Amino acid sequence: MASVAGLNGTGGGAAYVAAKHGVVGLTRQMAVVYSSRGVTINAVCPGPILTDLRRHSQAILGPACPT
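If you're wondering where the values come from, they're calculated on a predicted model, not measured in any experiment.

Engineer: Sorry, what's going on with the overall build of the protein chain here?
Structural biologist: Looking only at helices and strands, the protein chain features four helices and zero strands. The C-alpha atoms of the protein chain give 15 Å as radius of gyration, which overshoots the globular expectation for 67 residues (11 Å, by more than 25%). When the backbone C-alpha atoms are referred to their principal axes, the protein chain occupies close to 50 × 20 × 15 Å. For the protein chain, with 67 residues in total, the buried portion stands at 16%.

Written out as structure tokens, the structure is:
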């Protein structure tokens, strides 16, 4: 599971963005390697999703956390 942060560097902190860039890069590399064998490889890159963690992020992570 990648993220839109892996495509354009937004959302989350530096570690999150770096990890999602890694998922996107690995997916692209694996797609190149296995395409000759007829294998299709994709990553799902959703944007922000309103979950309980996101809804209550400031209460959980502190007031400096963006909502």
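Engineer: Where do I start with the side chain of Thr27 in this structure?
Structural biologist: Structurally, Thr27 can be placed in helix α2 (residues 14-34). Thr27 sits in the buried class, given a relative accessible area of 15%. Discounting chain neighbours no more than four positions away, the residues touching Thr27 are Ile41, Asn42 and Ala43.

Engineer: Honestly, the confidence of the model for the protein chain in this entry has me stumped. Any pointers?
Structural biologist: Detailed conclusions should not be drawn from predicted coordinates in areas where pLDDT is low. Model confidence for the protein chain is summarised by a mean pLDDT of 85, while 91% of its residues fall at 70 or above. Within the protein chain, no element has a lower average pLDDT than helix α3 (residues 52-55), which sits at 72, and none a higher one than α2, at 93.

Engineer: What's the story with α2 in this structure? I'm lost.
Structural biologist: Because the α-helix completes a turn every 3.6 residues, residues three or four places apart line up on one side. The end-to-end C-alpha separation of α2 is 30 Å, in line with the 30 Å expected for 21 residues at 1.5 Å each. Within α2 the residues assigned to the buried category are Val17, Lys20, Val24 and Thr27. All buried residues of α2 lie within an arc of 90° about the axis, which places them on one face of the element. Exposed and facing more than 90 degrees away from the buried side of α2 are Ala14, Ala15, Leu26 and Val32. Along its buried surface, α2 packs onto α1 (5-8).

Engineer: Explanation requested: the environment of Arg28 in the structure shown.
Structural biologist: Relative to the helices and strands, Arg28 resides in helix α2. It is 23 Å that separates the C-alpha atoms of Arg28 and Gly13, two residues lying 15 residues apart in sequence.

Conventions we followed
Residues numbered from 1 in each chain as written. Predicted model: local features only at pLDDT ≥ 70, side-chain atom pairs only at ≥ 80, totals over all residues. Heavy atoms only, no water. Helix = DSSP H or I, 4+ residues; strand = E, 2+ residues; numbered from the N terminus. Rg over C-alpha atoms; globule rule 2.2 N^0.38 Å. Buried < 20%, exposed > 50% of the residue type's maximum accessible area, 1.4 Å probe, protein only. Contact = heavy atoms within 4.5 Å. pLDDT = per-residue confidence, 0-100. Expected span 1.5 Å × (residues − 1). Arc of directions from axis to C-beta.

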